[in-house]
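# Inside the fold
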Amino acid sequence: MAVLVKTTINGDTVEYACQPDEPLLDVLRNRLGLTGAKEGCGTGDCGACSVIVDGRLTCSCLVLGAEMEGRTLETIEGMATGDKLHPLQQQFIDHAALQCGVCTPGFLIAAKALLSKNPDPSEEEIRFGLAGNLCRCTGYDKIVRAVQAAAKEMRGA
Amino acid sequence: MRYESPATTKEACALLAKEKGTAFVLAGGTDLLVKMKAGMVEPDLVVDIKRIKGMRDIKKTASGFVIGAATPNVALSENAALLKAWPGVVEAAQLIGSKQVQGRCTMAGNLCNASPAADAVPALVAAGAKVVLASVNGKRKLAVEDVPAGVGRTVLKKGEIVEAIELPAKKPKSGDAYLRFIPRTEMDIAVVSCGVNLTIDGKGVITAARVALGAVAPTVLLVKDAAKAIIGSKLDDAAKAKLAAAASAACRPIDDKRGTVEFRTEVAGVMARRAAEIAYARAGGK
């Protein structure tokens, strides 16, 4: 029997019906058309499906859609403000911190979560903070540089 | 599958007790959802305990800390009092998975998943932690080391859930530490691990100790001989050598892709020695 859920996604109230065993990732992608979060592994290892639930960074593949009643969810679709990209998004472009792009939404969400807790992370803290996100293209260096540049920009330095 | 998110422990226990099919508790879900995805488990009922009052709270009490079973591990390090009292437990819990996993996974789940390599478990055992188990018949408390029954098995009865993990108050001049060996720098499963908790007197002599090993037997090991090896000492080289020998002697590991029997046995001693050094320093010993 389907579960009815009312939740907040990127500031909007959203209602959906999902199967009780349906991962949040599938709800986002298949029911709500929010396809920014990607399924890499489906087992919480790659971070491509990262979202923020009630302020906590989470793999949406490891959450049931049914659990979201009354929660507050942030996805990559809510990161830019209208046409204006978030500093992290712009710095990823400027630093060419992506190639195929499948991991990018997850990296951006994880980096945003990291900077919200630690606005001035060291390189090591960035690398540990993003250890739950796998990228098979860039070798990570450009991603780390982009996060450092965005952190600097966001601190107003 | 049915999904239920009851508001009380009593309701949760009743739902689990009366379910005729396969039922699972859902806290962080970082093990359960992976097993569901892989088809290793096919639940008829999943009971989400996160909406039960107090399940995600850390309470400081006169006798220590009460950590709700659904408290995500990331919340442990955000609690300054807990971090100060039990740094080894918090560090162990924080070694599990990525930041994404930390936002969801719980120590109670780590215990109930019953992997021999569970990181939180040896640290909890060394700390002398207890679990509060609830069922329709009431509550009971067990020492953490008495919960795992084997690989992937616990002593919990049908309809019984972990409601909280209790850590004792920190004793004066005591310290705890947890170390694991992994071939990577993060995001890996322990090959060997060790938790140590010890107390010293005014002269730096160890008066009490608990040493627990992970990933070297089907369940966590509380190694009393390893504790005996350092009690009465100032953790001098001779005591450390005895500690390492006792830790290695307790190992009953398997060979697998992560490590051989010989390697695990040897490294258990090394982990015990190094964890004891950290715990001793944290207790204020020099």
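The paragraphs below set out a description of the structure included in this document. (Residues numbered from 1 in each chain as written. Chains lettered and ligands numbered in written order. Predicted model: local features only at pLDDT ≥ 70, side-chain atom pairs only at ≥ 80, totals over all residues. Heavy atoms only, no water.)

## A closer look at the sheet that holds strand β10 (residues 161-168) of chain B
The strands making up a sheet associate through hydrogen bonds between their backbones, and the pairing can be parallel or antiparallel. Residue and element names in this part refer to chain B. Operational definition: Two strands form a pair only when DSSP identifies at least two bridges running between them. Numbering of helices and strands runs from the N terminus; a helix is a DSSP stretch of H or I covering at least four residues, while a strand is a stretch of E covering at least two. Lines are fitted to the C-alpha atoms to define the axes, a helix being fitted only along its stretch in contact, and any angle between axes, read from their N-to-C directions, falls within 0 to 180 degrees. Two residues qualify as a contact provided that any one of their heavy atoms is within 4.5 Å of a heavy atom in the partner residue.
Pairing is antiparallel in the open sheet, where 5 strands are placed in the order β4-β5-β10-β6-β7. The sheet is open, and its two borders are formed by β4 (58-61) and β7 (138-143), each paired with just one other strand. Averaged over all pairs of adjacent strands, the angle between strand axes in this sheet comes to 25 degrees, irrespective of strand direction. Alignment of strand β6 (residues 130-135) against β10, held across 5 bridges, turns out to be antiparallel. When the bridges of β10 are listed, valine 132 appears paired with alanine 164. Together, β6 and β10 form the strand contacts of helix α1 (residues 9-18), whose direction differs from that of β10 by roughly 130 degrees.

## A word on the interface of chain B and chain A
Here is the rule: Throughout, buried area stands for the accessible area (probe radius 1.4 Å) lost by two parts on being put together, summed over both. Note on definitions: salt bridges are taken to be side-chain nitrogens of Lys or Arg within 4 Å of carboxyl oxygens of Asp or Glu. Between N or O atoms, a polar contact is any pair within 3.5 Å; within protein, one atom must be a potential hydrogen donor and the other a potential acceptor, and residues adjacent in sequence are included only when both atoms are from side chains.
Counting residues at the interface gives 28 residues for chain B, matched by 29 residues for chain A. Summed over both partners, the interface of chain B with chain A comes to about 2,300 Å²; 60% of that surface belongs to carbon and sulfur atoms. Interface area lost by chain B to chain A is led by Tyr3(B), Arg51(B) and Gln100(B), which between them contribute 28%. Put simply, chain B and chain A have 4 salt bridges between them. Across the pair Glu67(A) and Lys50(B) runs a salt bridge whose closest N-O atoms are separated by 2.6 Å. In this structure, the connection of chain B to chain A is made through 9 residue pairs in polar contact (both at pLDDT 80 or more). For the side of chain B that touches chain A, the secondary-structure elements that each account for two or more residues are β1 (2-4), α2 (32-38), α3 (73-77) and α6 (99-102) of chain B. Broken down by element, the residue count for the side of chain B that touches chain A peaks at 4 residues, all from α2(B).

## Topic: the side chain of Glu160(B)
All names here are of chain B. Here is the rule we go by: We call a residue buried when its accessible area falls under 20% of the maximum for its residue type, exposed when it is over 50%, and partly exposed in between, using a 1.4 Å probe and counting protein chains only.
Note on placement: glutamate 160 falls in the loop between β9 (153-154) and β10. In this structure glutamate 160 comes out as buried when scored by relative accessible area, which is 9%. At a separation of 2.7 Å, a polar atom in the side chain of glutamate 160 contacts the side chain of arginine 140. For glutamate 160, the contacting residues outside a window of four places in its chain are Leu133, Ala134, Ser135, Arg140 and Val155.

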